[in-house]
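Okay, here's what each chain looks like letter by letter:
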Amino acid sequence: MKQSEIRIPLTEVSYDELTDMQRRLIDDARQATHRSYAPYSHFSVGAAILLDNGEIVTGANQENAAYPSGTCAERTAAYYAHARYPEARFTAIAISARGTDGHYLKSPISPCGACRQALLEYETLAQANVTVLLDGADGIYILPSVRSLLPLAFSEF
Ligand code: THU
């Protein structure tokens, strides 16, 4: 038997400690929550993806009366980014959310499993780490890669 442990590198910072570009990404993710369509959950998520061509692409969760047809903010942004700029590579993503009371979450928002898997695909494509910023009013988590959010990820290769 062999026992081991997988650790996740995580840095917690305040908004003021962010770099200018990180702050811009967080601001864009926060603004994107206001473009969410969430009449069922009333939970508004925004994502902002920085591409290596300098563009920032945002997305927000889009719900549907047929519940499973809705899409999370992260995948809305990721799929649009790659559809719009197929040659560009992802370099960073910021995610923000407002709860049913309309206020930004105090603790950092954490993306769902399906979004982690989808984002990992674009990180693999980029052949470079994609920085992940998880927004919370009381602190922002910075992870160095999508892979660090999804240890033991599924891969065909
Ligand atoms: N949602 C996201 O957009 N991103 C996440 O990381 C978690 C959940 C959305 C899906 C649904 O529209 C609402 O939040 C409530 O689950």
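Here the structure is a predicted model, which means the values were calculated and not measured.

Asker: Can you help me understand the site of the ligand in this one?
Answerer: For the ligand, the full set of nearby residues is Ser41, Phe43, Val45, Asn61, Glu63, Cys72, Ala73, Glu74, Ser110, Pro111 and Cys112. Glutamate 63 places a polar side-chain atom, nitrogen or oxygen, 2.5 Å from an oxygen atom of the ligand. One of the backbone N or O atoms of alanine 73 is found 2.8 Å from an oxygen atom in the ligand. Protein contacts shield 75% of the accessible area of the ligand, which totals 370 Å² for the unbound molecule. Considered class by class, the residues forming the shell around the ligand number six nonpolar, three polar and two charged.

Asker: Looking at this model, I keep getting lost on the nonpolar core. Mind explaining?
Answerer: In terms of nonpolar packing, the biggest core is built from 27 residues, with Ile49, Leu51, Phe90, Ile93 and Val132 touching the most fellow members. Those elements that place two or more of their residues in this core are strand S2 (44-51), helix H2 (73-84), strand S4 (90-98), helix H3 (113-126) and strand S5 (131-134). Filtering out sequence-adjacent residues up to four positions away, isoleucine 93 remains in contact with Leu25, Ala47, Ala48, Ile49, Glu74, Leu119, Val130, Thr131, Val132 and Leu133. Among the nonpolar cores identified, the runner-up in size contains 13 residues, and Leu18, Ala48, Leu133 and Ile142 belong to it.

Asker: Looking at this structure, I do not really get the pairing of S2. What am I missing?
Answerer: Side-chain positions along a regular strand alternate between the two faces of the sheet. Extensive coverage of S2 is indicated by the burial of eight of its eight residues. Residues Ser44, Gly46, Ala48 and Leu50 point to one face of S2 and Val45, Ala47, Ile49 and Leu51 to the other, with burial holding for every one of them. Direction of pairing for S2 relative to S4: antiparallel, over a ladder of eight bridges. In the sheet register, alanine 47 faces S4, and the bridge partner there is isoleucine 95. The pairing of S2 with strand S3 (residues 56-60) spans five bridges and is antiparallel.

About the cut-offs
- Residues numbered from 1 in each chain as written.
- Predicted model: local features only at pLDDT ≥ 70, side-chain atom pairs only at ≥ 80, totals over all residues.
- Heavy atoms only, no water.
- Near = heavy atom within 4 Å.
- Polar contact = N/O pair within 3.5 Å; in protein donor to acceptor, adjacent residues only side chain to side chain.
- Areas by Shrake-Rupley, 256 points an atom, 1.4 Å probe, with all protein chains shown as cover.
- Nonpolar A, V, L, I, M, F, W, Y, C, P; charged D, E, K, R; others polar.
- Core = buried A, V, L, I, M, F, W, Y, C linked by side-chain atoms within 4.5 Å.
- Buried < 20%, exposed > 50% of the residue type's maximum accessible area, 1.4 Å probe, protein only.
- Helix = DSSP H or I, 4+ residues; strand = E, 2+ residues; numbered from the N terminus.
- Contact = heavy atoms within 4.5 Å.
- Pairing = 2+ DSSP bridges.

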